[in-house]
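Each chain, written out:
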Amino acid sequence: MKPKVIALIAIMAVVIAVIVASYGETSTTVTFTEAESNPDDDFYITGQLMKDMPVEYDPVKDPNYFSFYLKDKDGEVRKVVAHEPKLQDFERATEVTMMGTARDDHFEAKKVMPKCPSKYEEELEPAQADNR
Amino acid sequence: MDTILYEGEHLFIGNLGHFLVVLAFVSAIASGILYLFSKDNKLNKNLARGTFILHALSVFGIFITLFVIIQNHYFEYQYAYQHSSRELPMKYLVSCFWEGQEGSFLLWMVWNAVLGLLLIPFSKKWESGVMPIMALAQLVLSSMLLGIEVGDLYVIGSSPFELLRVKMIDQAPIFSRPDYLNFIQDGTGLNPLLQNYWMVIHPPTLFLGFALTIVPFAFAITGLFRKYHRGWIKPALPWALVGGMILGTGIIMGGFWAYESLSFGGYWAWDPVENASLVPWLLLIAGIHLMLIKKVTNTATIAAYILVIASFILVLYATFLTRSGVLGETSVHSFTDLGLAGQLMQFVVIFIWLPIIAVTRNNKLRWGFGIPVILFILLLPFYKTVAFYMLLSLSLGGIVWFAIALNKELSSNASEDNVWSREFWMFIGALILVLSAVQVIVTTSIPVFNKVFGLNAAPPVDPVGHYNKYQLPIAIVITILTAIGQYFHYRKTPDKKRFKRDLLIVIGAAIALTAFEAYIYPIRTPFYILFLFTCTYAVVANIWYVISHLKGRLILSGASIAHVGFGLMLIGVLVSSANKRVITQDRSGLMSGFDEQVRRENMLLMKDNPTLLGNYWVTYQGDSSHGPDVFFKVNYMSRDSQESFTLYPNAQISSNEGLMANPDTRHYITYDVYTHITSIPKPVDSTTWEKVQEYVVQPGDTIQTSNGAVFFKGMEQAEMQGDKLKDAQVFKANLVVQSISGVKEVSPMYVLMPNTYFGIREEMPEIGLRFLFEIRPDEEGAKAVLEIAEAKPQPKYIVMKAIIFPYINLLWLGTIVMVIGFGLAAVQRLK
């Protein structure tokens, strides 16, 4: 066989191996219950921000402690702690996607991605009010 | 329905814009068709050229029209309303173009039109093959701007000349008032992140890079149609090299912009949008190497075709990924879905089928393929799911057919490979680049696979770690190949003796240099030392090649210089990321105990309170506002007091996007000190102040408040600047405030003018006091009244993150060297 063909086949094999391995590293979007049954792994969780429960961030006490409550798609509510400053206007978020690990009494988020209502919708409200 | 006569609108310019879009669309069709019949027909050729020039002019016209709308703040147009505002400085008005999707498609069209105008005189006998493809791309792109409704079901494209009221009338009744424009005084503004010098030049550069990939693609397709399997390389190569240069520059500019003005703390985050621009570049670079092999040795025909085609298809796929909304939350770059997902998909499918049709030599078969594909493309908007899966399976089948047919057509000129030849190792190198590209695009495409196969996979939880794990070994192999490749010769085995001697010199030098580098940087991890060695090896080997083999003739050294730059770049990446050090490591957190696992990378700095960070005493000294931006003055003083500098990271609190922080960086030759604000106190507003009380005061009075004692020294006349205050009498009350934060003086002013009078509030949020001074008439003449408002003291502080990036200048230097190399190579291939 030609060396080029051998190289081609070898690299194709590596490509397939890499794709399979990459997929082994993907995570899934889960619920709190699922995350708690595997406390060693990282997961993505998407849920609703509990507006009537406290969003806590007091940088004078600890600039790397930020907590809030989230309701997942099964309706389970958990306290979430992130070791980073609170994003400004986080309270306005409706939906939050986060990545992290379940702990005994809270969910430890390594990454928090809030989804805010788009600026377009915001702009509309005063306009509508004006007309009434 | 009643017609409402709206007041104050500038409708002419929008109608002109619409007309130009339609003209661009129609002239692209006409030019493409005329070009198809222009090969032996002088008249058709001239007509085709004329219509393309007309097309190009209308594209430029669209651009100018939209610019006029933005520049004159015609907020009746949705695009101006959504993407600009009155306060925006002139230099950023052009950035408004690429905040919206329509504008970025327009930018792409403008570059394509420029490329088309260059191809007309320079592509010679290839013109009639290349130009229809340019016209087809322009046709598809201009359709994205049409905004024409087909029945009630489907809108083709999204017009940047759409009126705000047309879009919004169902949602907000205000738009049925004839005078609605009076209520729309200003636009919603440009994302502050785009208000940056780099954001003015980065998108046009990147889009020129994207646009340039179509040129080698068009030559390749023409080569396929005409069976000039070798001839297309020569004219296409300089374009491909310029494309590699511009696209590479654009990508790194994006990295530099991210580093200088984004707050994610680095130049590369493996974000889907970054990946989407990297992958076409990797494929283009692989394609360039294969084109060189084909040009010199007449082998690797199929691979050269596939990669040149793939790099353009991946540009289209990347556009689809980033602009269709499919990425959702996985990207920090947010793009709204304009409902163009279907059209973008059609775009990709059309260009996937061009090469397949080209290798199908049987006309009946061409129609057999073409008709169902066109049918499903047209049906896509109406029967989304069915048409999509049909197109997907047809296209996958088509790609397999393409490979089989091309292989059959070209199998005759296969020759035995020489493992000791340059082309063999270049071929391997190109394959490794493809491996790198495949790994990146597969992980980036997870959201797409989820949609297509109904899966629920999420991207890797640690993207940087994930990509680095695969890309680092790949980079090691690539740098080694980059180093030795040039010492082989095309077609023949190199002179073993000289080859060995060169290899020994270079490896020896590289080992010595690596040891030195590992010591000074410092790099200690064995795997990183290996990578450092292969990069250094690539740099040394290519420099030595220029000296010993090319005798320093620069014009021939393009490839070697590009390789040197590539090696330097990777050294910069390695050293700056391996030794990157967050110096704001907070050890004082009370809330969560002490857990080594938790990263605590933000520090609170109280105003005027020096904190030791790394080797610096860092002090937050105050802030100042410039328009909507607040600049925080952060002083760094080295521990030995030898040097001191001040950084001004800024933060903009926008009601839409929250805290927008721009870092500030102190650049040294060997390292950078990077600082950005991650949190600031809630701004003081009227709701902050709780207890408000008035006091009639005499000089010498002391008022006790819960936040401290206020001593009224007396009042005196003062001066204030300003035309309006010419006739004003100004008094100021001199107050001394004694609180836990020490003794401070403050002087609220009272202004008396012929027609009016007012006091100016003085706020001291860090103490929790606000003062208003007034002089009021009473029985005896006048009395001095002091209004004191109290609040919970709000200490002035910032929360910030500071990172030291060592040797990041190697990354920028390497990029510049690489770009020069590409440029030299392009010049050489033009000759």
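None of the values given here were measured: they were computed from a predicted structure.

Looking at the overall build of chain B
- Assigned secondary structure in chain B consists of 22 helices and 24 strands.
- With the C-alpha coordinates aligned to their principal axes, the bounding extent of chain B is approximately 115 × 80 × 50 Å.
- Classification of the 831 residues of chain B by burial places 47% in the buried group.
- If you take every contact in chain B between residues at least 6 apart in sequence, the share linking residues at least 24 apart comes to 67%.

Details of the overall build of chain A
- Looking only at helices and strands, chain A features three helices and six strands.
- Secondary structure elements of chain A, listed N to C terminal, follow the sequence α-β-α-β-β-β-β-β-α.
- Excluding contacts between residues fewer than 6 apart, the proportion of contacts in chain A whose partners are at least 24 apart in sequence is 45%.

Focus: the domain arrangement of chain B
- According to the domain assignment, chain B contains domain 1 (1-195), domain 2 (468-579), domain 3 (603-681) and domain 4 (686-790).
- Each of domain 2 of chain B and domain 4 of chain B has a C-alpha centre, and the two are 71 Å apart.

Considerations on the interface of chain A and chain B
- Contacts between chain A and chain B engage 45 residues on the former and 48 residues on the latter.
- Elements represented by at least two residues in the side of chain A that touches chain B include exactly helix H1 (3-24), strand E1 (27-30), strand E5 (95-102), strand E6 (107-115) and helix H3 (119-131) of chain A.
- A per-element tally of the side of chain A that touches chain B places H1(A) first, with ten residues.
- Of the residues in the side of chain A that touches chain B, the class split is 20 nonpolar, eleven polar and 14 charged.
- Alignment of E1(A) against strand E3 (residues 457-458) of chain B, held across two bridges, turns out to be antiparallel.

With respect to the packing of H1(A) against helix H16 (residues 422-444) of chain B
- Packing of H1(A) against H16(B) brings their axes to within 10 Å, and their N-to-C directions diverge by 15°. By the angle between their directions, the pair H1(A) and H16(B) is classed as roughly parallel. For the crossing formed where H1(A) meets H16(B), the hand is right-handed. Of H16(B), the residues touching H1(A) (which contributes A:Pro3, A:Lys4, A:Ala7, A:Leu8, A:Ile11, A:Val14, A:Val15, A:Val18, A:Ile19 and A:Ser22) are B:Phe424, B:Phe427, B:Ile428, B:Leu431, B:Leu435, B:Val438, B:Gln439, B:Val442 and B:Thr443.
- Along the lines of polarity and charge, the residues of the contact of H1(A) with H16(B) split into 15 nonpolar, three polar and one charged.

Quick notes on the sheet that holds strand E23 (residues 781-790) of chain B
Residues and elements named next belong to chain B.
- Sheet architecture is open: four strands sit in the order E14-E23-E22-E21, paired in antiparallel fashion. Because the sheet does not close on itself, it has two edges, and the strands there are strand E14 (691-697) and strand E21 (762-764). Across the sheet, the axes of successive neighbouring strands diverge by a mean angle of 25°, strand direction being ignored.
- With seven bridges joining them, E14 and E23 adopt antiparallel strand pairing. Across the sheet, residue Val-692 finds its bridge partner in E23, namely Ala-789.

So, the pairing of strand E13 (residues 671-679) of chain B
Residues and elements named next belong to chain B.
- For E13, a buried count of eight out of nine residues is recorded, marking the element as mostly surrounded by other parts of the structure.
- Relative to E13, strand E12 (residues 664-667) is paired through four bridges, and the arrangement is antiparallel. Note on E13: the bridge partner recorded for Asp-664 is Thr-675.
- In this antiparallel pair of consecutive strands, E12 and E13, the connection spans three residues.
- Bridge analysis of E13 against strand E24 (residues 797-806) gives eight bridges, and the strand direction is antiparallel. By the bridge assignment, Tyr-674 is partnered in E24 with Ile-803.

Thoughts on the packing of helix H2 (residues 42-71) of chain B against helix H5 (residues 101-122) of chain B
Residue and element names in this part refer to chain B.
- For the pair H2 and H5, interaxial distance at closest approach is 9 Å and the crossing angle is 150°. Between H2 and H5, the crossing angle belongs to the class labelled roughly antiparallel. Relative to H5, H2 is oriented so that their crossing is left-handed. Contacts between H2 and H5 involve Arg-49, Phe-52, His-55, Ala-56, Val-59, Phe-60, Ile-62, Phe-63 and Leu-66 from the former and Leu-106, Met-109, Val-110, Ala-113, Gly-116, Leu-117 and Ile-120 from the latter.
- Residues of the contact of H2 with H5, tallied by class, amount to 13 nonpolar, two polar and one charged.

Considering the pairing of strand E16 (residues 708-718) of chain B
All names here are of chain B.
- One ladder, built from four bridges, connects strand E15 (residues 702-705) with E16; its direction is antiparallel. Each residue of the ladder has a partner; that of Thr-702, found in E16, is Phe-711.
- Connecting E15 to the antiparallel partner E16 that follows it, the hairpin turn spans two residues.
- Sheet analysis places E16 next to strand E17 (residues 729-739), joined by nine bridges and oriented antiparallel. Along E17, the bridge assignment pairs Ala-718 with Val-730.

Quick notes on helix H12 (residues 301-323) of chain B
All names here are of chain B.
- End to end, H12 covers 33 Å across 23 residues, agreeing with the expected 33 Å (1.5 Å per residue, within 8%).
- Along H12, 22 of the 23 residues are buried, which leaves the element largely enclosed by surrounding structure.
- Positive phi shows up at Gly-325, right after H12, with a value of about 85°.

Side note on helix H11 (residues 272-297) of chain B
- Taking 1.5 Å of rise per residue, 26 residues should cover 38 Å, and H11(B) covers 37 Å from first to last C-alpha, within 8% of that figure.
- Positive backbone phi, approximately 60°, marks B:Asn298, located one or two places after H11(B).

A closer look at the confidence of the model for chain A
- With 86% of its residues at a pLDDT of at least 70, chain A reaches an overall mean of 79.
- Considering only residues more than four positions removed or in separate chains, one finds that residues 118-132 of chain A, a stretch of pLDDT under 50, has 14 contacts.

Things to note about the confidence of the model for chain B
- Residues at a pLDDT of 70 or more form 94% of chain B, whose mean pLDDT is 87.
- Model confidence for the complex is summarised by a pTM of 0.87, with the ipTM given as 0.80.

Considering the environment of B:Leu247
All names here are of chain B.
- With respect to the helices, strands and loops of the structure, Leu-247 is situated in helix H10 (residues 233-261).
- According to the C-beta neighbour criterion, Leu-247 is buried, with 28 such atoms within 10 Å.
- Spatially, the C-alpha atom of Leu-247 lies 21 Å from that of Tyr-467, the residues being 220 residues apart in sequence.
- Look past the residues within four positions of Leu-247 in its chain and what remains in contact with it is Gly-209, Phe-210, Leu-212, Pro-280, Trp-281 and Leu-284.

So, unusual backbone geometry
Residue and element names in this part refer to chain B.
- With omega at -15°, the peptide bond leading from Tyr-521 into Pro-522 counts as cis.
- By secondary structure assignment, the location of Pro-522 is in the loop between helix H19 (496-520) and helix H20 (526-548).
- Phi at Ala-300 takes a positive value of approximately 60°, unusual for a residue other than glycine.
- You can see Ala-300 is positioned in the loop between H11 and H12.
- With a phi angle near 65°, Arg-491 is a residue other than glycine that sits in the positive phi range.

Topic: the environment of B:Val697
Residue and element names in this part refer to chain B.
- Position of Val-697 relative to the elements: it lies in strand E14.
- A tally of 20 C-beta atoms within 10 Å means that Val-697 is categorised as buried.
- With near-sequence residues (within four places) excluded, Val-697 lies in contact with Phe-712, Ala-784 and Leu-786.

What counts and what doesn't
Residues numbered from 1 in each chain as written. Chains lettered and ligands numbered in written order. Predicted model: local features only at pLDDT ≥ 70, side-chain atom pairs only at ≥ 80, totals over all residues. Helix = DSSP H or I, 4+ residues; strand = E, 2+ residues; numbered from the N terminus. Buried ≥ 20, exposed ≤ 12 C-beta atoms within 10 Å, placed from the backbone. Contact = placed C-beta atoms within 7 Å. Domains from an automatic or database assignment. Nonpolar A, V, L, I, M, F, W, Y, C, P; charged D, E, K, R; others polar. Pairing = 2+ DSSP bridges. Axes fitted to C-alpha atoms, helices over the stretch in contact; angles between N-to-C directions. Parallel < 35°, antiparallel > 145°, perpendicular 65-115°, else oblique. Left-handed = near helix turned anticlockwise from the far one by under 90°. Expected span 1.5 Å × (residues − 1). pLDDT = per-residue confidence, 0-100.

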